[in-house]
Amino acid sequence: MSDRDDIRPATRLVTGGRRKEWTAGVVNTPVWRASTILYDDVAHLRATGARDTHHRLFYGRRGTPTQWSLADALTELEPGAEGTFLYPSGVAAVAACLLTLLSPGDELLLVDSAYDPTRGIADKLLARMGVTTRYYDPMIGAGIAELIGERTRAIFMESPGSLTFEVQDVPAIVAAAQARGVATVIDNTWATPLLFPVIGLGVDYAILACTKYIGGHSDVMMGSVTAGPGRFAALRETSFQLGQVVSADDAYLASRGLRTMGVRLERHEASALRIAQWLAARPEVAQVLHPALPSCPGHDIWTRDFRGAAGLFSFVLAGGDDAARTALIDTLDHFGIGYSWGGFESLAVPVDPQRHRSVTDRAFAGPVVRLQIGLEDADDLIADLERGLAAWRAARGV
């Protein structure tokens, strides 16, 4: 592990969190499984309980070097960050972060393109607590200032947005929030800190569903929240009160995935962009929603702020109904049908964005399909999609 500021992100992926006192001479931090921690005597027990337990063995729920190593590695990917807390899922990370910031009577501004479970937390859990949620247009930019009221305590962003991939003007929203003393949160799962480091832009909390690109192998559930300066203590205290903890085995798997995330993202990006461009030229496709293409809302912002693109995007079919879309997806051989993304395998699912909107109307020319482009050969995936489009045409009788 290095504290040097000039270490580049790809190197941080390899070195982050690997303290010698945790690795004990091996490359990877071993799996420390523990619930009970034993003390030398009563004085030792009392002294430990009276101190800050950060990076100190205290009780299994407070973590071991296996969890600390991963958390530190994620913190190092966000220059200027204070610390990271791990959670058993991305949704758990969202909930803990919002519960850290909001109390009865407060208001949350939530982007209308947010991940549906995030909307569920706002509309159900927070509503029961007496927290009001107002949704806003993902393309609002600096105009968010007009929505900030006396009770607004937090603004939640997701860029690009789920399903439709609008790219938000994060610096403009952060500036408006800071001017009014409002906290900012972003779900940064799509880009990860490699492609979009946000703490340095002034975002207070950056959330990752580590289930996706961090783990990378579709075999572990995990989430994380990385806190900006002065924000970690409150997050940690709330998370302890909620009893949040991840297993050492899962932390080990996520750490192992993290080390190769850089090279995997490069392959995801190259293949996805090639396939997105191929789809954009097809007569069966009305629009491709990929931030690196001009057809995606906020493309100019993506060009300005991001270091690259990920492997997840959507495309809009040029007409047809759900039956025709289903015929397309069911024909595919190399694309699995399933939720989540970020693993080594490609996925395709039907999505209906308007079902998850409150204040923005995204009318499309036809049904929408979301693709996760994995690590297969792009030519094989294109050939597969060509067969799927033929099935779509046949289902329509054209």
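All values derive from a computational prediction rather than experimental measurement.

A word on the environment of V220
Mapping V220 onto the fold places it in the loop between strand 6 (205-208) and strand 7 (223-227). By relative accessible area, V220 is classed as buried at 4%. Dropping the residues within four chain positions of it, V220 is found in contact with T211, G215, D250 and L253.

Structural notes on the pattern of salt bridges
Applying the stated criterion across every chain, the model contains 20 salt bridges. Between D106 and R153 there is a salt bridge; the shortest N-O distance is 3.6 Å. You can see D106 sitting in the loop between helix 5 (90-101) and strand 2 (107-111) and its partner R153 sitting in strand 4 (residues 152-158), a full 47 residues away along the chain. Residue D305 pairs with R304 through a salt bridge whose shortest N-O separation is 2.7 Å. Beyond isolated ion pairs, a larger network of salt bridges with shared partners links R282, E284, E386 and R393.

Considering helix 7 (residues 170-179)
Among all positions of helix 7, only V170, A172, I173, V174, A176 and A177 are buried. On its buried face, helix 7 sits against strand 3 (132-136), strand 4 and strand 5 (183-187). Among the residues trailing helix 7, G181 stands out with phi positive, at a value near 70°.

A short note on the nonpolar core
The nonpolar side chains of a soluble globular protein tend to be buried with one another. In terms of nonpolar packing, the biggest core is built from 90 residues, with L74, L108, I155, M157, W190 and L258 touching the most fellow members. The leading source of residues in this core is helix 5, at eight residues. Setting aside anything within four residues of it in sequence, one finds L74 in contact with T84, L86, L208, C210, I214, S224, T226 and L258.

Describing the packing of aromatic side chains
With the rule as written, the count across this model stands at six aromatic pairs. For the pair F85 and Y87, a centre-to-centre distance of 5.1 Å together with 45° between the ring planes defines the contact as tilted. Like F85, the residue Y87 is buried in the burial classification. Summarising the aromatic geometry, the rings of Y213 and W341 are spaced 5.5 Å apart at their centres and angled 70° between planes, so their arrangement reads as edge-to-face. Residue Y213 is found in the loop between strand 6 and strand 7, and its partner W341 is found in the loop between strand 10 (335-336) and strand 11 (346-351); the two are separated by 128 residues along the sequence.

What about the sheet that holds strand 8 (residues 285-289)?
Across the sheet, which stays open at both edges, the five strands sit in the order 8-9-12-11-10 with mixed pairing between neighbours. Looking along the sheet, the strands with just one partner apiece sit at the ends: strand 8 and strand 10. With five bridges connecting them, strand 11 and strand 12 (residues 368-372) associate as antiparallel partners. Its bridge partner lying in strand 12, V349 is registered against R370. Packing of helix 11 (residues 261-280) onto the sheet brings it into contact with strand 8, strand 9 (312-317) and strand 12, and relative to strand 9 it is tilted by some 10°.

What counts as what
- Residues numbered from 1 in each chain as written.
- Predicted model: local features only at pLDDT ≥ 70, side-chain atom pairs only at ≥ 80, totals over all residues.
- Heavy atoms only, no water.
- Helix = DSSP H or I, 4+ residues; strand = E, 2+ residues; numbered from the N terminus.
- Buried < 20%, exposed > 50% of the residue type's maximum accessible area, 1.4 Å probe, protein only.
- Contact = heavy atoms within 4.5 Å.
- Salt bridge = Lys/Arg side-chain N within 4 Å of Asp/Glu carboxyl O.
- Core = buried A, V, L, I, M, F, W, Y, C linked by side-chain atoms within 4.5 Å.
- Phe/Tyr/Trp six-rings, centres within 6.5 Å; stacked < 30°, edge-to-face > 60°.
- Pairing = 2+ DSSP bridges.
- Axes fitted to C-alpha atoms, helices over the stretch in contact; angles between N-to-C directions.

Nothing here speaks to function; it is all geometry.
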